[in-house]
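Descriptive analysis of the structure
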Amino acid sequence: MADTPRAWTTRPERTDAEGASADAAAVRRIHLDAFPASEEADLIDHLRASGAWLPGLSWLAKTPQGEPVAHALLSRCHVADHPALALAPCATRPAHQGRGAGSAAITAALDAARAAGEHTVVVLGHPGYYPRFGFRPCADFGITPPPGHDWPTEAFLVLALDTGPLPSGAVRYPPPFHL
């Protein structure tokens, strides 16, 4: 029987005594199951090894039995010279898609970022999905894709995590994104 949306629990990705991810294999499996190729799973591995990885901003949603089935990652990027976060990648194992697990992981990650004092999150994603979290088109705030990238306005979105003004300018993603 499939889990209902109210059955999800969330937690941050755990690290072991040496600071390595104790959940790396589970996170990788989620992304490999959710996508037809390994690019997203590989991106997470590269972000872990970069200065863009921020402790406490990689979140899992689990079944009542404790199985991790969804993942959301926030990593450091910049809007012009202002620190921001990139929400990517996010994934849910196919058997659990459409049941709220991904939304639970994303909500938990955004709540953790807000609690950590972060201000701005950008995402390139489905325009019918991300507005439920409060995302709006970046273009409405003068935020543009990295130079040389022409992304659909309705899919390049931003979320303010506080009441301060959003920065404007081009988004600079960390090197693992290859943008």
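Read on for an overview of the structure. Remember, it's a predicted structure, so these values are computed and weren't measured experimentally. Position labels on residues start from 1 in each chain and follow its written sequence. Local features in this predicted model are restricted to residues of pLDDT 70 or higher, and side-chain atom pairs are both shown and tallied only at a pLDDT of 80 or more, whereas totals for entire chains, interfaces and linings draw on every residue. The side-chain numbers reported here are obtained from all heavy atoms of the structure, hydrogens and water having been left aside.

1. Brief notes about the pattern of salt bridges
Quick reminder of the rule: Throughout this description, the term salt bridge denotes a Lys or Arg side-chain nitrogen within 4 Å of a carboxyl oxygen of Asp or Glu. Labels follow the DSSP assignment, with helices taken as runs of H or I lasting at least four residues and strands as runs of E lasting at least two, numbered in each case from the N terminus. For every residue, the accessible area obtained with a 1.4 Å probe (protein chains only) is divided by the maximum for its type, and the residue is called buried under 20%, exposed over 50%, and partly exposed between those limits.
This model, assessed by the stated rule, comprises 11 salt bridges. Ionic pairing is found between R11 and D23, a salt bridge with its closest N-O pair at 2.7 Å. With R11 in strand 1 (residues 9–12) and D23 in the loop between strand 1 and helix 1 (24–34), the pair connects residues that are 12 residues apart, well separated along the chain. A single burial state applies to R11 and to D23, both of which are buried. R93 is paired through a salt bridge with E67; the nearest N and O atoms lie 2.9 Å apart.

2. Some words on the packing of aromatic side chains
How we decide: Only Phe, Tyr and Trp rings take part, Trp by its six-membered ring, and two of them pair if their centres are within 6.5 Å. Stacked means planes under 30 degrees apart, edge-to-face means over 60, and tilted covers everything else.
Per the stated rule, a full pass over the model turns up seven aromatic pairs. Between Y130 and F133, the ring centres sit 6.3 Å apart and the planes meet at 45 degrees, which makes this aromatic pair tilted. By relative accessible area, Y130 is classed as buried at 11%. Judged by its relative accessible area of 15%, F133 is buried.

3. With respect to helix 1
What counts here: Of all possible arcs, the one meant is that of the directions from the helix axis to the C-beta atoms. Note on definitions: a residue-residue contact is assigned when non-hydrogen atoms from the two residues lie within 4.5 Å.
All buried positions along helix 1 are accounted for by V27, I30 and H31. Buried residues of helix 1, seen end-on, are gathered within an arc of 90 degrees and therefore sit on one face of the element. Contacts made by the buried residues of helix 1 are with helix 2 (39–48), strand 2 (53–62), strand 3 (68–79) and strand 4 (82–92).

4. Concerning the nonpolar core
As a reminder, the rule being used: As used here, the term nonpolar core means buried Ala, Val, Leu, Ile, Met, Phe, Trp, Tyr and Cys residues forming a set that is joined through side-chain atoms within 4.5 Å.
Counting residues in each nonpolar core, the largest one holds 29 residues, and the members touching the most others are L74, L87, I106, L110, V121, Y130 and F135. For this core, the secondary-structure elements that each account for two or more residues are strand 2, strand 3, strand 4, helix 3 (101–115), strand 5 (120–124) and strand 8 (156–160). The dominant element in this core, judged by the number of residues it contributes, is helix 3, at nine residues. With sequence-adjacent residues up to four places away left out, L74 is seen in contact with L57, L85, A86, L87, A109, L110, A113 and V121.

5. Remarks on the environment of A88
If you trace the backbone, A88 turns up in strand 4. C-alpha of A88 to C-alpha of A72: the two residues are 16 residues apart in sequence and 6.9 Å apart in space. Beyond its immediate sequence surroundings of up to four residues, A88 is in contact with L47, L73, S75 and F177.

6. Some words on the side chain of E118
Heads up, the condition is: Pairs of N or O atoms are called polar contacts if they sit within 3.5 Å, as long as, within protein, a hydrogen donor faces a hydrogen acceptor (for residues adjacent in sequence, only side-chain-to-side-chain pairs).
Tracing the chain through its elements places E118 in the loop between helix 3 and strand 5. Residue classification places E118 among the buried positions, given a relative accessible area of 14%. Separated by 2.7 Å, the side chains of E118 and R76 make a polar contact. The contact partners of E118, leaving out residues within four places of it in the chain, are L54, R76, L85, A113, L161 and D162.

7. Focus on the pairing of strand 2
The criterion, for reference: Two strands pair under a simple rule: DSSP has to find at least two bridges between them.
Judged by how many residues are buried, strand 2 sits mostly within the fold: eight of 10 residues are covered. The pairing of strand 1 with strand 2 spans four bridges and is antiparallel. Bridge pairing in strand 2 links P12 to W59. In this structure, strand 2 lies alongside strand 3, joined through six bridges in antiparallel fashion. Considered in strand 3, the bridge of W59 is made with A72.

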